Amino acid sequence: QGQTSPLESGVVIAIRGSIDNLANSLRDKQTELVRNLTGCSGCRVHRGYYESFQVLEPLVKSHLQELWCSPRNCKIYVTGHSSGAAVAALLAWTLAEIGYTIGTSYLFESPQVGDAAFAEQMGARFSGQALHGVVFSVTNGKDSVPRWPFEGAFRAWGVEAYYNADGNGSTGVAQICFAGHEGCGIQRVPQHELTTRDACASPLAPDGTFCTLEAFVPQCYGGSSFQALVPMVPNASSSLLRPKISSGPPQPFTQAAARWHPSEADGEQARAVKADGKAMDYYSNSSLEAFAALAKLSYCGVARGLNDAVQSTCNDRVGPCSRAGFGVVPSTVVPEGVSYQPELTLNTSFVNDTLFFYTALIRRTNADYARAPFFMPSESCVLIFRGPTNHQNVVMSHARQQVLLKDKACKGCTADAGLLEAWKSALQDKVLEALLKSGCEAHPTKETVSNVVVAGHSLGGSLAALAAYFLHKQGFEVQLSWLLEADLPGNRAFAKYLTEEMLADVRPVPFWQVAHSDREDAPASPRPIALEADASRGRHPFQVHFKTSTPARVFAAAPRPPPMLPPPPSMPVMMAMLPDDTRFNMTIPLLWVPPLPPAPVLAPVLAPVLAPVLAPVLA
């Protein structure tokens, strides 16, 4: 109050920050330093932000011409949030180079953009000591973004205005200092205390956040000051005097700001796993519910709405995935139907989309979920396989002849012929391609992710276990995964390697096997009717057993084997769905229903039983 505004008439250039999609994520993680910034001697800058600047530069110059804004008669103001602030800084430098005057500007929660040479020359130009105004770097709380990238030659630049909000919405008084200096602003916070929670939240922004629009349609079409209309008559006793304003539809997922940032990948999960080695601490019912919901959606197949269904079911704000601390990144769902004819099938009819899976990129909502019992990585792909829906799937399940894997690390390991053939001849290449489209690959650069969580129901769970084995061999980091009503597709040596040896140096529990039945032996074999009485079959030592009317029992040791049961003469094709309720209560088991014998055979057996029951009714 009482101060004269430093602003003069001119043009404001506001650059949007990262939205929640794969392209923006890859851009943020392109942290290689490049020497391309015109007029900045010896400067190296973030490759991803520089490439974004290159795309925007000609568009900005074109719009300035349309507004009759030339270097001689027009002042430029730049602003932006997060990665948008980083690109705005590069625009400010370039426009100044061609003669524009940059007025006092404000960049919010900007990551580090370049090296020491860039920081020195940006600071000299935009610290208010020359032709241009001050370009402030506004930071907040314990935000990790302004300190990122943490490694390498990156340096903070310019004049920092640091706000440490008191938690009651008050901004307090900003600390004004030269960014990057010891004791200045965000540099005061120890790195292990940094968090992305403060990247969006800000008492300076309308609604207290940069990333969420409380009333998307009114604010995006009527302006952010729309919120001031709501308490127009704060003391009115009659509801008739209060304005009734509908916020309209929510902001589309594809346009929402990214609340995740690469600075979240700070080693929290690795430290948590290292500190906690007890198997029972790795079970989370919330995580099980989330991956059960994702597994259920695989039965939608190649439906056009699968992407929206996955996004709606598994976003980071509401629903089962939010309770497990993660959400699916929009536009990263890759569904894949595979038309495949098993060699052993006796049915010559061909079925399209014999097999189905989908991949997606998920992100942890905050570092709290890196710890027990969730152990969520900051980013990961999910690989979800569908269960049985056709005759070919049944043939694959029955083809349990053992094939040697010829793996020195897995001595004596064999796998089921039907599933192994399907993986090698039809699934493997398509899975790798889909994972790459979702942002994951086995030999990652800084832009991609090597983590993968596998899950599936019934046959899908068995395929997921086999996929985990092969993906691990190719360099993927298999995360804590969930096999629902599925057995392990191999012999005891393979089961021992998969569950006890393959990831032993990472965590004590590689997968949880989920079973459901009222039979006491169900945990030992999720299939209620064993397909063959073979004692050499591999068993899973980490199991979750649900009964219809009781809570889950968690097993972290190998249970007793099931009783010897003869194989059924046939198994009808069943599309066994998980419950409609978002809670995973396992009330619909996958059961084998044997065909009824002919009536002449049943009559002598049922007549003595039914006669006393039916006689009073018929009388």
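Residues numbered from 1 in each chain as written. Predicted model: local features only at pLDDT ≥ 70, side-chain atom pairs only at ≥ 80, totals over all residues. Heavy atoms only, no water.

Asker: Any chance you could break down the pattern of salt bridges for me, citing the residues and the numbers?
Answerer: The tally for this structure, following the rule as stated, stands at 20 salt bridges. A salt bridge links Asp316 to Arg259; the nearest nitrogen and oxygen atoms lie 3.4 Å apart. Note that Asp316 is positioned in the loop between α9 (306-313) and α10 (320-323) and Arg259 in the loop between α6 (216-222) and α7 (268-275), a separation of 57 residues in sequence. One salt-bridge network, in which partners are shared between bridges, spans Asp20, Lys29, Arg363 and Glu379. (Salt bridge = Lys/Arg side-chain N within 4 Å of Asp/Glu carboxyl O. Helix = DSSP H or I, 4+ residues; strand = E, 2+ residues; numbered from the N terminus.)

Asker: Now, about the state of the cysteines: what can you tell me, with residues and values included?
Answerer: One pass over the structure, following the stated rule, counts seven disulfides. Sulfur-sulfur distance for the disulfide between Cys200 and Cys211 comes to 1.9 Å. A torsion of -75 degrees about the S-S bond marks the disulfide between Cys200 and Cys211 as left-handed. With a gap of eleven residues between them, Cys200 in helix α5 (residues 197-200) and Cys211 in the loop between α5 and α6 connect regions that are remote in the sequence. For the pair shown, Cys200 and Cys211 are each scored as buried. The partner cysteine of Cys381 in its disulfide is Cys440, sulfur to sulfur 2.1 Å. In this structure, the disulfide formed by Cys381 and Cys440 twists by about 100 degrees around the S-S bond and is classed as right-handed. (Disulfide = S-S within 2.5 Å. Buried < 20%, exposed > 50% of the residue type's maximum accessible area, 1.4 Å probe, protein only.)

Asker: Which residues make up the nonpolar core, and what values do they have?
Answerer: Counting residues in hydrophobic clusters, the biggest one holds 52 residues, and the most contacted among them are Leu383 and Phe385. Of all the elements in the fold, those that place two or more residues in this core are β11 (334-338), β12 (355-364), β13 (379-385), α12 (417-437), β16 (451-457), α13 (459-473) and α14 (492-501). The element that contributes the greatest number of residues to this core is α13, accounting for ten residues. With 41 residues, the next largest nonpolar core counts Ala295, Cys314, Phe542 and Phe546 among its residues. (Core = buried A, V, L, I, M, F, W, Y, C linked by side-chain atoms within 4.5 Å.)

Asker: Tell me about the pairing of strand β20 (residues 543-546), and name the residues and values.
Answerer: Side chains Gln543 and His545 of β20 all project onto a buried face; the interleaved residues Val544 and Phe546 project onto the opposite face, where all are buried too. Inspection of the sheet shows strand β19 (residues 511-516) paired to β20 by four bridges, in the parallel sense. Bridging from a neighbouring strand, Ala515 pairs with His545 of β20. (Pairing = 2+ DSSP bridges.)

Asker: Could you give me a rundown of the environment of Gln543, with the residues and numbers involved?
Answerer: With respect to the helices, strands and loops of the structure, Gln543 is situated in strand β20. Within the structure, Gln543 has its side chain in polar contact with the side chain of Gln513 (distance 2.5 Å). (Polar contact = N/O pair within 3.5 Å; in protein donor to acceptor, adjacent residues only side chain to side chain.)

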